[in-house]
Amino acid sequence: MFLDSLGNPNTVRNYGIGVGKTAERIGEGRPLASVADDEIGEALELLWGRSAVNTWNSRRAGVLSWLGWCRERGYEGPAVPAWAKRLAVPDSETPARSKMAIDRLVARREVHLREKTLWRMLYETSGRAEEILGVNIEDLDFAGRRCPVKAKGARTKVRRRGQVREDYVLETVYWDAGTARLLPRLLKGRTRGPVFVTHRRPGPGKVVSPRDVCPDTGFARLSYGQARALLDEHTAVRGPGTGWDLHEYRHSSLTHLGEQGASLLMLMAKSRHKKPENVRRYFKPSPEANAELTSLLAPGGSRRWTAPAEAERGLSRGASHAGKQSLGVLGVR
């Protein structure tokens, strides 16, 4: 019943793992009232004590929400002990590539037009790879240089099984001249189907959604795994698997916008993040930008470089405010 009360399918899956394994650990047949707080904490520690911080926080949040749901309905039971606390999420290790490196990679002659267009579009939209790969030609607004995407954790408009893309609240991403020049060349007159497709048709017996197949060529939508492998092929210098990751375009895009003075609110609008602290993890000023900012402290210096400094102050204020908000959220839980 608890899982049925959750709307987001990703939340149902993640919370289901945390609640299911914890219940199995403490004994599924036991009355909840007989379970002590420390037993809950010990179960969490044994199951995910050595896991990544995000995994620990996710499983703990699922159990916390489940126990709170039980209390709201009058069931006596334990609580997550104070010592099994939520951990601070470390800064992302995803690097931000320089604009010059991105431009040079897209300009290389041996790179196929499909990859050039995808990489440029990822950079200019600051979008997630899954979002951009999921776009169809009929979604594109060429005049407005924009299109709707089904975002990560998209909210549903209706609640039913077998939901289609239109059942979700879509968000808009925007691109600029680089993508606008490449898209028409890539599509070659195609007017429907996936923007990014493979160079061959799906094998026999492989079931593919009609939305994921070009009705004119029969080619299937390019998958995340295929796109990642292609990027790695062109950027790996120490063997397979050592190249760039698709997510680096998003980090790089937001970092460069922040260095140019984009405010916190504008960065949040571009990235579509809901929390300021998440945007701050994406903002990674280059050593050159930090050195330029530091030059303001030179004795008798008259140089002014206010825009990126204002952007960083905005991020710091937003992160501080978000920290206070997160404490309030934890208190509610």
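Quick note: structure is the one above.
Conventions adopted
- Every residue gets a number counted from 1 within its own chain, in the order that chain's sequence is written.
- Whole-chain, interface and lining totals are the exception, using all residues; otherwise, since this is a predicted model, local features are given only for residues with pLDDT of at least 70 and side-chain atom pairs are given and counted only at 80 or more.
- Side-chain measures were taken over the full set of non-hydrogen atoms in the model, leaving aside hydrogen atoms and water.
- The rule for a salt bridge is simple: a side-chain nitrogen of Lys or Arg has to be within 4 Å of a carboxyl oxygen of Asp or Glu.
- In DSSP terms, a helix is any run of H or I states spanning at least four residues, a strand is any run of E spanning at least two, and both are numbered starting from the N terminus.
- Note on classification: 1.4 Å probe, protein chains only; a residue is buried when its accessible area is under 20% of the maximum for its type, exposed when over 50%, partly exposed between these limits.
- Each aromatic pair joins two rings of Phe, Tyr and Trp (for Trp, the six-membered one) with centres within 6.5 Å, and gets the label stacked for planes under 30 degrees apart, edge-to-face for over 60, and tilted for any other angle.
- Here a polar contact is recorded for every N or O atom pair within 3.5 Å, except that within protein the pair must consist of a potential hydrogen donor and a potential acceptor, and residues adjacent in sequence are included only if both atoms are side-chain atoms.
- Expected span, for any helix, means 1.5 Å times one less than how many residues it has.

### A look at the pattern of salt bridges
Logical step 1: Under the defined criterion, the tally for this structure stands at 16 salt bridges.
Logical step 2: With its nearest N and O atoms 2.9 Å apart, the salt bridge here joins Arg120 to Asp103. With Arg120 in helix α5 (residues 113-125) and Asp103 in helix α4 (residues 99-107), this residue pair connects regions lying 17 residues apart in the sequence.
Logical step 3: When its relative accessible area of 27% is taken as the criterion, Asp103 is described as partly exposed.
Logical step 4: Across the pair Arg221 and Asp212 runs a salt bridge, and its minimum N-O distance is 2.7 Å.
Logical step 5: On the basis of relative accessible area, Arg221 is assigned to the buried category, the value being 14%.
Logical step 6: One network of salt bridges, in which partners are shared, links Arg128, Glu131, Glu171, Arg272 and Lys274.

### A look at the packing of aromatic side chains
Logical step 1: Tallying each qualifying case throughout the model produces 3 aromatic pairs.
Logical step 2: Taken together, a centroid distance of 6.5 Å and an interplanar angle of 10° make the contact between Phe2 and Tyr15 stacked. On the criterion of sequence distance, the pair formed by Phe2 in the segment before α1 (9-26) and Tyr15 in helix α1 is long-range, its members being 13 residues apart.
Logical step 3: The exposure class assigned to Phe2 is buried, which follows from its relative accessible area of 7%.

### Quick notes on the side chain of Asp139
Logical step 1: Here Asp139 lies in the loop between α6 (129-133) and β1 (146-149).
Logical step 2: Within the structure, Asp139 has its side chain in polar contact with the side chain of Arg211 (distance 3.2 Å).

### Some thoughts on α1
Logical step 1: Over its 18 residues, α1 runs 26 Å from end to end, which matches the ideal 26 Å to within 8%, given 1.5 Å per residue.
Logical step 2: Those residues of α1 lying buried are Tyr15, Gly18, Val19, Thr22, Ala23 and Ile26.
Logical step 3: Just past α1, the residue Gly27 takes up positive phi, approximately 110°.

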